[in-house]
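# Structural overview for review
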Amino acid sequence: MTTMRELRQAAGLSQERLAELAGTSQPQINKLETGQRKMTVDWAVKLAHPLGVEPAALLGLDFPPAGAAGGTMPRPSRATAPPLVRTPATAAQQPGKSASMPVRAAARGGVDQEMFLEDGPIDWIVRPDYLKNARDPYAMYVVGESMMPRFRPAQLLHVNPHKPPAPGAGVVVVKRNKAVLVKEFVRRGPEAVVLREYNPADREFAVPLEELDTLHTVVGLQEP
């Protein structure tokens, strides 16, 4: 019996239920338990929350199997097992907070086809090294083609909300009505922020400061 299987059984979860909570499939869970797939930091961050353990516990999979020479892996208490109904994870609840960051998303809405920010994170990913010490970083999927070829649909942008944007930087702009824009920062004036988009035409436009909620800097991206 592998360490991961022990943790899953101690949490009272089937492979199918663990896969559902972690956003993966039962065959992937089985491969991790049988050693056909290597336990990585990404997998540890995904699985730690539903198993009720820290990611480090899953990365120590070199422990001997239960009953083998060298000792056994102690089982966690069932009292620490997560509820069967999963609630959205907050930053405070997410295990390994310093090693992970939330993924946010936007969806089309309204007759003007603006993008609107969805509530709460839709996933968690491992922080890149250049955001290891940043405060409250997050990732966000590109939706729409207004910034092609610089940003393409399905790319995952890495965002530092506390880095001031320089002219030419990519930015995530959230309006007070929760509409969200991914654009190029041009300048900030006394009454408005000037942004640039590339499609359907290369143009500059202004967002009045009274409509602006947040302006965050894109510092990297991840290909789909």
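Residues numbered from 1 in each chain as written. Predicted model: local features only at pLDDT ≥ 70, side-chain atom pairs only at ≥ 80, totals over all residues. Heavy atoms only, no water.

### Remarks on the overall build of the protein chain
- Secondary structure summary: the protein chain contains 5 helices and 11 strands in total.
- Contacts in the protein chain between residues at least 24 apart in sequence constitute 56% of all its contacts with a sequence separation of at least 6.
- As presented, the protein chain carries roughly 12,000 Å² of accessible surface, and 53% of it is formed by carbon and sulfur atoms. (Helix = DSSP H or I, 4+ residues; strand = E, 2+ residues; numbered from the N terminus. Contact = heavy atoms within 4.5 Å. Areas by Shrake-Rupley, 256 points an atom, 1.4 Å probe, with all protein chains shown as cover.)

### A few points about the packing of helix H2 (residues 15–22) against helix H4 (residues 41–51)
- Where H2 contacts H4, the axes come no closer than 9 Å and their chain directions differ by 115°. You can see that H2 and H4 cross each other, and the crossing is right-handed. Here H2 contributes Leu18, Leu21 and Ala22 to the contact with H4, which in turn contributes Lys46, Leu47, Pro50 and Leu51.
- Split by residue class, the contact of H2 with H4 holds 6 nonpolar, no polar and 1 charged. (Axes fitted to C-alpha atoms, helices over the stretch in contact; angles between N-to-C directions. Left-handed = near helix turned anticlockwise from the far one by under 90°. Nonpolar A, V, L, I, M, F, W, Y, C, P; charged D, E, K, R; others polar.)

### Section: the pairing of strand E8 (residues 179–188)
- A large share of E8 lies buried, amounting to 8 of its 10 residues.
- Relative to E8, strand E7 (residues 170–175) runs antiparallel, the two being bridged by 5 bridges. Across the sheet, the residue bridging to Val173 is Leu181, located in E8.
- Here E7 folds back onto E8 in antiparallel fashion, the turn holding 3 residues, of which Lys178 has a positive phi close to 75°.
- Two strands pair when backbone bridges link them, and E8 and strand E9 (residues 192–197) are joined in this way by 4 bridges, in the antiparallel orientation. What sits directly across from Phe185, in E9, is Leu195.
- Connecting the antiparallel pair E8 and E9 is a turn made up of 3 residues. (Buried < 20%, exposed > 50% of the residue type's maximum accessible area, 1.4 Å probe, protein only. Pairing = 2+ DSSP bridges.)

### Some remarks on helix H3 (residues 26–34)
- Restricting attention to buried positions, one finds in H3 the residues Gln28, Ile29, Leu32 and Glu33. Each buried residue of H3 lies within a common arc of 135° when the element is viewed along its axis, so the set occupies one face.
- If you follow the buried residues of H3, they end up packed against helix H1 (3–10), H2 and H4.
- The first or second residue beyond H3 is Gly35, which carries a positive phi of 85°. (Arc of directions from axis to C-beta.)

### Regarding the environment of Ala10
- By secondary structure assignment, the location of Ala10 is in helix H1.
- Judged by its relative accessible area of 5%, Ala10 is buried.
- Once the C-alpha coordinates of Ala10 and Leu51 are considered, the two residues, 41 residues apart in sequence, prove to be 8.6 Å apart.

### Some thoughts on H2
- Among the 8 residues in H2, 6 count as buried, and that is most of the element.
- Turning to H2, its buried residues are Gln15, Arg17, Leu18, Ala19, Leu21 and Ala22.
- Looking at the buried side of H2, the elements it contacts are H1, H3 and H4.
- Just beyond H2, the residue with positive phi is Gly23, at close to 70°.

### Overview of the pattern of salt bridges
- Taken as a whole, this structure holds 12 salt bridges when the rule is applied.
- The salt bridge partner of Arg5 is Glu33, with a shortest N-O separation of 3.2 Å. Here Arg5 is found in helix H1, whereas its partner Glu33 is found in helix H3, with 28 residues between them in sequence.
- Members of the salt-bridge network, linked through shared partners, are Arg150, Glu184, Arg196 and Asp202. (Salt bridge = Lys/Arg side-chain N within 4 Å of Asp/Glu carboxyl O.)

### Section: the nonpolar core
- One finds Met4, Leu18, Met39, Leu47, Leu51 and Leu58 to be the most contacted residues of the largest nonpolar core, which totals 18 residues.
- Grouped together as the second largest cluster of nonpolar side chains are 16 residues, Ala106, Val142, Met147 and Val172 included. (Core = buried A, V, L, I, M, F, W, Y, C linked by side-chain atoms within 4.5 Å.)

### A few points about the packing of aromatic side chains
- Taken as a whole, this structure holds 0 aromatic pairs when the rule is applied.
- Between Lys46 and the ring centre of Trp43, over which it is positioned, the NZ or CZ distance is 5.5 Å.
- The side chain of Arg104 reaches across the aromatic face of Tyr138, ending 5.0 Å from its centre. (Phe/Tyr/Trp six-rings, centres within 6.5 Å; stacked < 30°, edge-to-face > 60°. Lys NZ or Arg CZ within 6 Å of the ring centre and 35° of its normal.)

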